[in-house]
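Commentary on secondary and tertiary structure
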Amino acid sequence: MNALVPLPVLLPLCATGVSLAFGTRLARFQRFISVAVLTAVLGLSVVLMVAADRQGPLSVHLGDFAPPLGITLVADRLAGLMLTVSSAVTLAVLVYSLGQGMADRDKETPVAVFHPAYLILVAGVSLTFIAGDLVNLYVGFEIMLVASFVLLTLGGTGPRIRAGSTYVIISLFSSMLFLTAIAMTYAATGTANLAQLAVRLPELPLGVQTLVQAMLLTVFAIKAAVFPLAAWLPDSYPTAPAPVTAVFAGLLTKVGIYCMLRTETLLFPGNRLGDLLMALALASMIVGILGAVAQTDLKRLFSFTLISHIGYMVFGIGLATREAYGGAIFYVAHHITVQTSLFLVAGLIERRGGTNELTRLGGMARSAPLLAALFFVPAMNFAGIPPFSGFIGKLGLMRAGVSDGSVWAWILVAGATATSLLTLYVMAKIWNLAFWRTEPPGQAAYGTVLEAADDSDDDDPDTGLDRIPGTGDEGIGPVPAGQTLAATLQGRAVTTTIRPPRAMTAATAGAVLLGLAFTVLAGPLAAFTDRSAAELIARSPYVEEVLGR
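Numbering of residues starts from 1 in every chain and runs along the sequence as written. Residue-level local features of this predicted model are given only where pLDDT is at least 70; pairs of side-chain atoms are given and counted only at 80 or more, and the full residue set underlies all totals for whole chains, interfaces and linings. Only hydrogens and water are set aside; all other atoms, that is, all heavy atoms of the structure, feed into the side-chain values.

For the rest of this paragraph, the subject is the side chain of Asp297. Secondary structure is summarised from DSSP: a helix means a run of H or I of at least four residues, a strand means a run of E of at least two, and numbering begins at the N terminus for each. Relative to the helices and strands, Asp297 is located in the loop between helix H11 (274–293) and helix H12 (298–319). Working definition: with a 1.4 Å probe on protein chains only, accessible area under 20% of the residue-type maximum means buried, over 50% means exposed, and in between means partly exposed. Think of it this way: Lys and Arg go in the positive column, Asp and Glu in the negative one, and His and the chain ends go nowhere. When a carboxyl oxygen of Asp or Glu lies within 4 Å of a side-chain nitrogen of Lys or Arg, that pair is called a salt bridge. Among buried Asp, Glu, Lys and Arg side chains, Asp297 stands out as unpaired, with Arg300 the closest opposite charge at 5.7 Å. In the analysis that follows, any N or O atom pair within 3.5 Å is treated as a polar contact, provided that within protein one partner can donate a hydrogen and the other can accept it, and provided that, for residues neighboring in sequence, both atoms belong to side chains. Within the structure, Asp297 has its side chain in polar contact with the backbone nitrogen of Arg300 (distance 3.1 Å). Among all residues touching Asp297, those that are not within four sequence positions of it are Asn356 and Glu357. Two residues qualify as a contact provided that any one of their heavy atoms is within 4.5 Å of a heavy atom in the partner residue.

Take a look at the structure:
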């Protein structure tokens, strides 16, 4: 069983080479390879999760070199759960992107580059979850960075290049800080292996331990978009294509949370910086949700809610009790699926109405009831309405806060309650503007090509205005200056449609159903996350598996 541990990384990397080799010559085969590999990774992740739950942590030393010389990969309950949820989400987003790419007839750059970059991203995410040392954790971050920049800038539009540049600058800064922290840790302990560090770090002076802990937390807080290190996120994610934004928002920030969970429990037990983490959690909740309240652009709004709900997870990490860790792990799994679902729905809304600007949308509850349902379910889940998994996760974290009984814990319980109510307000605002009210006069007609008239292939030769395909009517004409346009994977303008492509709708429905599955299976999932939390706090199962003690 241990031999399966590296496969979630190796399979996507090997598929990347195959995908690049075929390129655009066999586009259907390229799509098949991507879907088949991610399906296999999902199956392997489930097997690893079940095996880790039944047998304890699984590990493999590549090349049979023991620590600290060899590369160690470890899959315990937490890693298995993260692999499973992330694999399911990335598969759903891939199907969504295939539907969008085929509908938009993108036959150039996205077909040749999107699939390899996406597979590399999956490999990087998987490596961070099973990395058994800080160096390979850093390698996983860098793999994700390279793939992320390619995906963020697909199509080469100006806003995407600017957003990608901001993302790369912030990521490079965090990478430099991470390398510095690794160098300091290795100089002080002679190893970067996590299991050996769990034994050696307590022997260091308290000041050295705190410095290393603070540096690592800063790195992971940047990755997780914890306030005040989250300013880059609302400017970077909304410009990307809908499937890219969905997988970034749903998954990449949780990589930072996972690393915080792993290092705070394994390397730095004792919760020395717990009060600081709870202060950051409160700031993230309040500032993020207030930013969401002020937004009318749907993707930016969801980006701010992402920052806000990261605060719930940091809340659990800051409390540092078994109940809190269990609640945080449960909420991470819930949030990955629900946040991804909401961004996929935002892409469908964009395709239906031609914009993400809420003030220019309306009437979709009547004109697109399926789309309305696909939004309503994850929105209520996200807001924490009973009996959805969002309510269960928040309730678990609040119960942990009440049980702790400290002043900071009670403040966080109050802040979490206020944030949940404001999240419900924001979801109601989206529902009222985009779905419930009557369609505004300025909403784009179905079939309208949303691009400047002089860039369109469907211009009327006499008027120069865009035409609505199949009707003979003139379209919206020249786009007003400064208007934000919906863009395809390749950077072309989206053509609004009455019915979105079936693959996009099916993938979104699959993500929504996955979130509902967490509600139906809340009991077993909560028990699993509780066992995961107990294993994290114990530390000995992880250390003994890696070091053979």
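For the rest of this paragraph, the subject is the nonpolar core. Note on soluble globular proteins: their nonpolar side chains tend to be buried together. Residues Phe178, Ile257, Phe302, Phe375 and Met427 are the most contacted members of the largest nonpolar core, which totals 171 residues. The biggest single contributor to this core is helix H13 (residues 322–353), with 17 residues. Setting aside its immediate chain neighbours within four residues, Phe375 contacts Phe302, Leu342, Val345, Met427, Ile430, Trp431 and Phe435. Each nonpolar core is a collection of buried residues, namely Ala, Val, Leu, Ile, Met, Phe, Trp, Tyr and Cys, held together in the definition by side-chain atoms within 4.5 Å.

Further remarks concern the pairing of strand E2 (residues 71–75). The buried count for E2 comes to four of five residues, which makes it a mostly enclosed element. Criterion used throughout: strands pair if DSSP finds at least two bridges between them. Looking at chain direction, strand E1 (residues 58–62) and E2 are connected through five bridges and run antiparallel. When the sheet's bridge partners are listed, Leu62 is paired in E2 with Ile71.

Here, expected helix span is obtained from the residue count minus one, scaled by 1.5 Å. A rise of 1.5 Å per residue sets the reference length of H12, with its 22 residues, at 32 Å; its end C-alpha atoms lie 33 Å apart and thus fit the reference within 8%. Counting buried positions along H12 gives 21 out of 22 residues, so the element sits mostly inside the fold. Capping of H12 at its N-terminal end is provided by Asp297; its side-chain oxygen lies 3.3 Å from the backbone amide nitrogen of Lys299.

Let's shift gears to the packing of helix H15 (residues 369–383) against helix H17 (residues 407–436). Axes here mean lines fitted to C-alpha atoms, for a helix over just the part in contact, with angles spanning 0 to 180 degrees between N-to-C directions. Running from amino to carboxyl end, H15 crosses H17 at an angle of 170 degrees, the nearest separation of the two axes being 9 Å. One way to sum up the angle between H15 and H17 is to call them roughly antiparallel. The residues of H17 that touch H15, namely those facing Leu371, Ala372, Phe375, Phe376, Ala379, Met380, Phe382 and Ala383, are Ser420, Thr423, Leu424, Met427, Ile430, Trp431 and Phe435. Amino acid classes used here: Ala, Val, Leu, Ile, Met, Phe, Trp, Tyr, Cys and Pro are nonpolar; Asp, Glu, Lys and Arg are charged; the rest, including Gly, are polar. Tallied by class, the residues present in the contact of H15 with H17 amount to 13 nonpolar, two polar and no charged. These descriptions rest on fixed angle ranges, namely under 35 degrees for roughly parallel, over 145 for roughly antiparallel, 65 to 115 for roughly perpendicular, and the rest for oblique.

This part takes up the environment of Ala328. You can see Ala328 is positioned in helix H13. Residue class for Ala328 comes out buried when judged on its relative accessible area of 1%. Through-space distance from the C-alpha of Ala328 to that of Lys394 is 8.8 Å; in sequence the pair is 66 residues apart. Setting aside residues up to four positions removed in sequence, Ala328 forms contacts with Met313, Gly316 and Leu397.

Distances and angles like these do not, on their own, reveal function.
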